[in-house]
Amino acid sequence: MNDAPIILIHGWGMNKQIWNGVLDSLSPELLDRVTVVDMPGYGNNTETLERYDIDELAGWLKSVVKKPSYIIGWSLGGLLAIKFAHHNPVLTVGVGLVASTPKFMEEGDWPGIKPNVLAMFSKQLLVDHKDTVKRFLKIQALGSESMRADLKQIQEWVFSVPDPKIEALDAGLTMLQDVDLREEFSSITTPVNVLLGRLDSLVPNSVEQKLIDLLPGAKITVMPGVSHAPFISKKEQFIKWLQTL
């Protein structure tokens, strides 16, 4: 890893506080290079977008990335990392996908989230968005060897700042359902590193071969004993992965 800046992007329903444990454990040299961001409508970012979609988000991120950087996206944030890298190769030193994939929805032989799961969240979102986020958090920890502790830690961090805007949550679910960036992923020219959780129920590790087929040069790591939040369940191993980019 060179000395380029590192941008860490959170996932759906979350905010930049989700990276607190990682930041607390980084060496001073590495910490100086890391920037964590709230996507519009999340945490303390009150910025609004003309259209809340993946293209507008990529445009917003370009205003944040001041010089060539490693773009690291977790879950939904990975879609943004792929889109940004595709449109801004000069500003992208490398891409890191953490429990992420260019297409989240299961379709044909492409492994992913069952359509009924996201449909359920969309319906619940209209009734109680905070409870919906809590349910989503439970799924993210599902299967982890340290599930109970992971869930408690995630909730403490995520709910320490203002609730996400309903518009951002709704748009995020739509992106998870509809966005397909497999073509963009296959055309990325900078190094791509993917970190998957062996026990992840949202991004099944069976997607590994599909990603290699799309981009043979991509480096895929499947971490045992973790679900959808490897940087919480296995923080030290995640940091070692980060250092190898």
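Scope of this entry: the structure provided in the associated data block. (Residues numbered from 1 in each chain as written. Predicted model: local features only at pLDDT ≥ 70, side-chain atom pairs only at ≥ 80, totals over all residues. Heavy atoms only, no water.)

Let us look at the pattern of salt bridges. Evaluated as defined, the whole model comprises nine salt bridges. D55 is the salt-bridge partner of K83, the closest N and O atoms lying 3.4 Å from each other. With K83 in helix 4 (residues 76-87) and D55 in helix 3 (residues 54-64), this residue pair connects regions lying 28 residues apart in the sequence. Overall, the relative accessible area of 8% leaves K83 in the buried class. Two residues, D180 and R182, come together in a salt bridge whose shortest N-O distance is 2.8 Å. For D180, a relative accessible area of 34% corresponds to the partly exposed category. (Salt bridge = Lys/Arg side-chain N within 4 Å of Asp/Glu carboxyl O. Helix = DSSP H or I, 4+ residues; strand = E, 2+ residues; numbered from the N terminus. Buried < 20%, exposed > 50% of the residue type's maximum accessible area, 1.4 Å probe, protein only.)

Positive phi values are uncommon outside glycine, yet S75 reaches one of about 55°. Note on placement: S75 falls in the loop between strand 3 (69-74) and helix 4. For A99, which is not glycine, the phi torsion reads 50° and is therefore positive. Within the secondary structure, A99 sits in the loop between strand 4 (92-98) and helix 5 (115-127). Residue classification places A99 among the buried positions, given a relative accessible area of 0%.

Before going further, it helps to spend a moment on the sheet that holds strand 1 (residues 6-9). Pairing is parallel across the open sheet formed by six strands, whose spatial order is 2-1-3-4-5-6. A single partner strand is all that each edge strand has here, and the edge strands are strand 2 (34-37) and strand 6 (219-223). Shown here is a sheet whose adjacent strand axes are inclined to one another by a mean of 15°, direction ignored. On the sheet, helix 4 packs against strand 1, strand 3 and strand 4 and is oriented at approximately 145° with respect to strand 3. (Pairing = 2+ DSSP bridges. Axes fitted to C-alpha atoms, helices over the stretch in contact; angles between N-to-C directions. Contact = heavy atoms within 4.5 Å.)

In this model helix 4 runs 17 Å from its N-terminal to its C-terminal C-alpha over twelve residues, within 8% of the 16 Å that 1.5 Å per residue would give. The element helix 4 is largely enclosed, with a buried count of ten among its twelve residues. Every buried residue belonging to helix 4 is among L76, G77, G78, L79, L80, A81, I82, K83, F84 and A85, and all of these are buried. Contacts made by the buried residues of helix 4 are with strand 1, helix 3, strand 3, strand 4, helix 8 (166-178) and helix 9 (182-186). (Expected span 1.5 Å × (residues − 1).)

By secondary structure assignment, the location of Q17 is in the loop between strand 1 and helix 1 (20-25). By relative accessible area, which is 18% here, Q17 ends up buried. The contact partners of Q17, leaving out residues within four places of it in the chain, are W157, S160 and V161.

Take the packing of aromatic side chains next. Applying the stated criterion across every chain yields a total of five aromatic pairs. Measuring from centroid to centroid gives 4.9 Å for W74 and F231, while their planes differ by 85°, and the two rings are edge-to-face. Of this pair, W74 sits in strand 3 while F231 sits in helix 11 (residues 230-233), and the two are 157 residues apart along the sequence. For the residue pair W74 and F231, the accessibility class agrees, reading buried in each case. Above the ring of W110, the side-chain terminus of R182 is found at 4.9 Å from the ring centroid. (Phe/Tyr/Trp six-rings, centres within 6.5 Å; stacked < 30°, edge-to-face > 60°. Lys NZ or Arg CZ within 6 Å of the ring centre and 35° of its normal.)

Those residues of helix 3 that sit buried are I54, L57, A58, W60 and L61. Viewed end-on, helix 3 has its buried residues packed into an arc of 160°, placing them on one side of the element. Its buried side turned inward, helix 3 meets strand 1, strand 2, strand 3, helix 4 and helix 8. Between the side-chain oxygen at the start of helix 3 and the backbone nitrogen of D55 there is a gap of 3.2 Å, and the oxygen is on D53. (Arc of directions from axis to C-beta. Polar contact = N/O pair within 3.5 Å; in protein donor to acceptor, adjacent residues only side chain to side chain.)

A few words on the environment of G59. Among the secondary structure elements, G59 is positioned in helix 3. G59 gets classed as partly exposed once you look at its relative accessible area, which sits at 45%. The spacing of G59 and L80 is 21 residues in sequence and 9.9 Å in space, taken between C-alpha atoms.

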